[in-house]
Structure formats: structure tokens, C-alpha cells
Amino acid sequence: MAALDLGTNNCRLLVARPEGRGFRVIDAFSRIVRLGQGLGRSGELAEDAIERTLEALAVCAAKMRRRQVTRFRAVATEACRSAGNGAAFLARVAAETGLALQVITAEEEAALALAGCRPLLDPSVPGALVFDIGGGSTEIAWQWSGPEGGRTVAAVSMPIGVVTLAERYGGDRFSEADYEGMVGEVAGRLLAFEDRHGIAAAAAEGRVQMIGTSGTVTTLAGVRLDLRRYNRDRVDGLYLDIEDTRAIGRRLAGMDFVGRAAHPCIGRDRADLVVAGCAILEAICRAWPVPRLRVADRGVREGILLGLLARNG
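The structure presented is a predicted model; accordingly, all values stated were derived computationally and were not measured. (Residues numbered from 1 in each chain as written. Predicted model: local features only at pLDDT ≥ 70, side-chain atom pairs only at ≥ 80, totals over all residues. Heavy atoms only, no water.)

## Looking at the overall build of the chain
Then, in step 1: A tally of regular secondary structure across the chain gives 15 helices and 11 strands.
Then, in step 2: Against the compact-globule benchmark of 20 Å for 313 residues, the chain has a radius of gyration of 19 Å, which places it among compact chains.
Then, in step 3: Projected onto the principal axes, the alpha-carbon positions of the chain cover approximately 50 × 50 × 40 Å.
Then, in step 4: Looking at the chain as a whole, 54% of its 313 residues are labelled buried.
Then, in step 5: In the chain, of all internal contacts separated by at least 6 residues, the share reaching a separation of at least 24 is 72%.
Then, in step 6: Accessible surface, the chain as shown: approximately 13,600 Å² in total, 49% of it carbon and sulfur.
Then, in step 7: The centroid of the 40 positive side-chain charges in the chain is displaced by 6 Å from the centroid of its 38 negative side-chain charges. (Helix = DSSP H or I, 4+ residues; strand = E, 2+ residues; numbered from the N terminus. Rg over C-alpha atoms; globule rule 2.2 N^0.38 Å. Buried < 20%, exposed > 50% of the residue type's maximum accessible area, 1.4 Å probe, protein only. Contact = heavy atoms within 4.5 Å. Areas by Shrake-Rupley, 256 points an atom, 1.4 Å probe, with all protein chains shown as cover. Lys, Arg positive; Asp, Glu negative; His and termini not counted. Charge placed at Lys NZ, Arg CZ, Asp CG, Glu CD.)

Okay, structure coming up:
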């Protein structure tokens, strides 16, 4: 079985075999395609971005054929939700690669991320915030487990991601005012969700845990560990101190593109985007102050695989 997640910035694939009550990953693929590059200005997917993405999707299709995948689900998110030519792009994907991508709602995207991260949740903590900072949007899922076993789940999506912010604020050096401008833009969009669910009060009482699943968070974990190359085994499930993590974000904002690109866990592909992700993370942590954040190198794809398992018994 396989799960494919096409986002605004990344194309990701997991191929797995059922094993016990879960699955074992036997193949994977991830490539930064920047499908949503320029989308905020034009409202359309650009031809060069489409070509990059088709190349990546062709690799995914070949991997699934080679692994003789019989069950799979392929989803597309914010870029295809919002682009005027999104439907035409998906038709072209089907014609050229044989892959039928389903555009999912922001709410389902958040729910899949929560499902994929659920194994990392501490069952003794009743509240859980799981956020996914994407290229074109940021999804936040809130779960509250009551004392008698009841569970409330809610989700919100903001049409702000690392690509949309970086295209407005730039990708080289960031002034303090620029950084605060990005934080403030995100913070304003969190207010209504906080008003509905009262998460901050529960966080102040120590009843909320936070999990981040995104390239931003895994990159920050790699920087915090000073890894010479990214290592999923050391990053997935790692706890980060919030204050340390916010300080790393501010330090990266003060560096230029070349300085950030020199770090092996950032590189040129992320050097212009990581600061925007740090600003989004900063806004989330200000809204819902918790002492630490758990890093998840997992999310939508794992949620899809668990759904495929459940559907087939």
C-alpha cells in the first residue's frame, strides 16, 4: 500500500506493508517541487512548477509500479485547492502519470496529520495540539480527551504557509520588524480558534501537549542537534524546549540566505523558507504557551496509511 501527499512545497510518498496492527515502510520519496511558487500573485500554477511536480510524480508512480502497490491514496492540498488551473493540472497528472490525485479539504488534511501523529501523544495529557506548517497553508488540529473517555476534535486551516509568507517578506535577511510582521499576521488568524476552544487556559494549567509536523519543525530539530546530515531516527519524537527553539528561529532570521544554506539540515532548498516557518511557529507558541514541543517526522502520509489499513480490516 502507498500514500502520496502533494503539497504546495513538497511531494512525498510512502510505500508500506501491513505488519501486525500497523505497517512497515519499505520505500519512500520526498522532493521539494514548489508547486505553489508565485500562486499568491497570479492565482495560477506556473508552468515550470507544474513540470517540476510532474517529474516528481512520475518517480512516485514508478516506485509504486516497482513495488506492485495495489492499494494507495494520493491527495493534493492547498496549492490545488486554491489555483484557478488546479483541475486542469490534476487532469494532466492523471494523463501523464496515471495517478488520480484527490483534492482534500483543509479539515481533512488536519485530521490526517493528527491521525498520523497520534502514536506520539501522551495519553496522560488530555489536550493535544498538532500543527502542520505547509507551503501554502497551516493546519492546526485540537483534541481534548475527557475524563470519561469522550473525545473532542476540531481543526482550523490558515491560508498562510512558508511559501506565501516568504514571497511577501523575502527570503534573505529579515529585520526585527519583518519578523514581527509575519508573527503578527499569523497570530491574528489564531484568535477565533482560541476563542472557540479556550486552549490557552488549559495550556497554562499544564494540560496541553504540542506536536509539530512539518519541514520547519524537523529542520529546527536538526539545527538544535547540530546534525551533520538529517537523521529521521534522531528527530522523530524528539522534544524541543520552546524557548530554545524560538531563539534558534530568531538567530536564523538574523542570518542571510547564504549563511542559512550552509547548514546541512537547511540547504539551499529551504534557506529562503525556514524563517517564515519559524515565525509561524512563534505565533503558535505565543498563542498557546507550553514548555516544550514534540517533533514529528510523520503526518498526513501516515494518517492515510492508517486509514487504508482500517478500511481493509
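There's plenty left to go through after this.
## Describing the packing of aromatic side chains
Then, in step 1: Scanning the model with the defined rule gives two aromatic pairs in all.
Then, in step 2: Residues phenylalanine 193 and tryptophan 288 carry aromatic rings whose centres are separated by 6.3 Å and whose planes lie at 75° to one another, so their mutual orientation is edge-to-face. With phenylalanine 193 in helix 7 (residues 176-197) and tryptophan 288 in the loop between helix 14 (274-287) and strand 11 (292-295), this pair connects stretches of sequence that are 95 residues apart.
Then, in step 3: Judged by its relative accessible area of 1%, phenylalanine 193 is buried. (Phe/Tyr/Trp six-rings, centres within 6.5 Å; stacked < 30°, edge-to-face > 60°.)

## Describing the pairing of strand 9 (residues 208-212)
Then, in step 1: Counted residue by residue, strand 9 has five buried out of five residues, so it is predominantly covered.
Then, in step 2: Of the two faces of strand 9, the one lined by Val208, Met210 and Gly212 and the one lined by Gln209 and Ile211 are each fully buried.
Then, in step 3: In this sheet, strand 9 lies alongside strand 6 (residues 127-133) in parallel orientation, the contact comprising five bridges. Bridging across to strand 9, phenylalanine 131 finds its partner in glycine 212.
Then, in step 4: Where strand 9 meets strand 11, two bridges bridge the pair, whose relative direction is parallel. Residue pairing for strand 11: glycine 212 is matched across the bridge by valine 295. (Pairing = 2+ DSSP bridges.)

## Points about the packing of helix 7 against helix 14
Then, in step 1: Where helix 7 contacts helix 14, the two axes come as close as 8 Å, and the packing angle between them is 50°. Viewed along their axes, helix 7 and helix 14 adopt a mutual orientation that is oblique. Helix 7 and helix 14 meet at a crossing whose hand is right-handed. Contact with helix 7, carried on its side by Tyr179, Glu180, Met182, Val183, Val186, Ala187 and Leu190, involves Val275, Ala276, Cys278, Ala279, Ile280, Glu282, Ala283, Ile284, Arg286 and Ala287 of helix 14 and no other residues of that element.
Then, in step 2: Among the residues making up the contact of helix 7 with helix 14, the classes are represented as 14 nonpolar, no polar and three charged. (Axes fitted to C-alpha atoms, helices over the stretch in contact; angles between N-to-C directions. Parallel < 35°, antiparallel > 145°, perpendicular 65-115°, else oblique. Left-handed = near helix turned anticlockwise from the far one by under 90°. Nonpolar A, V, L, I, M, F, W, Y, C, P; charged D, E, K, R; others polar.)

## Digging into the packing of helix 9 (residues 215-225) against helix 11 (residues 242-253)
Then, in step 1: Contact geometry for helix 9 and helix 11: axes closest at 10 Å, N-to-C directions at 95°. The angle between helix 9 and helix 11 places the two elements in the roughly perpendicular class. Residues Leu220, Val223 and Arg224 of helix 9 pack against Asp244, Thr245, Ile248, Arg251 and Leu252 of helix 11.
Then, in step 2: For the contact of helix 9 with helix 11, the residue count by class is four nonpolar, one polar and three charged.

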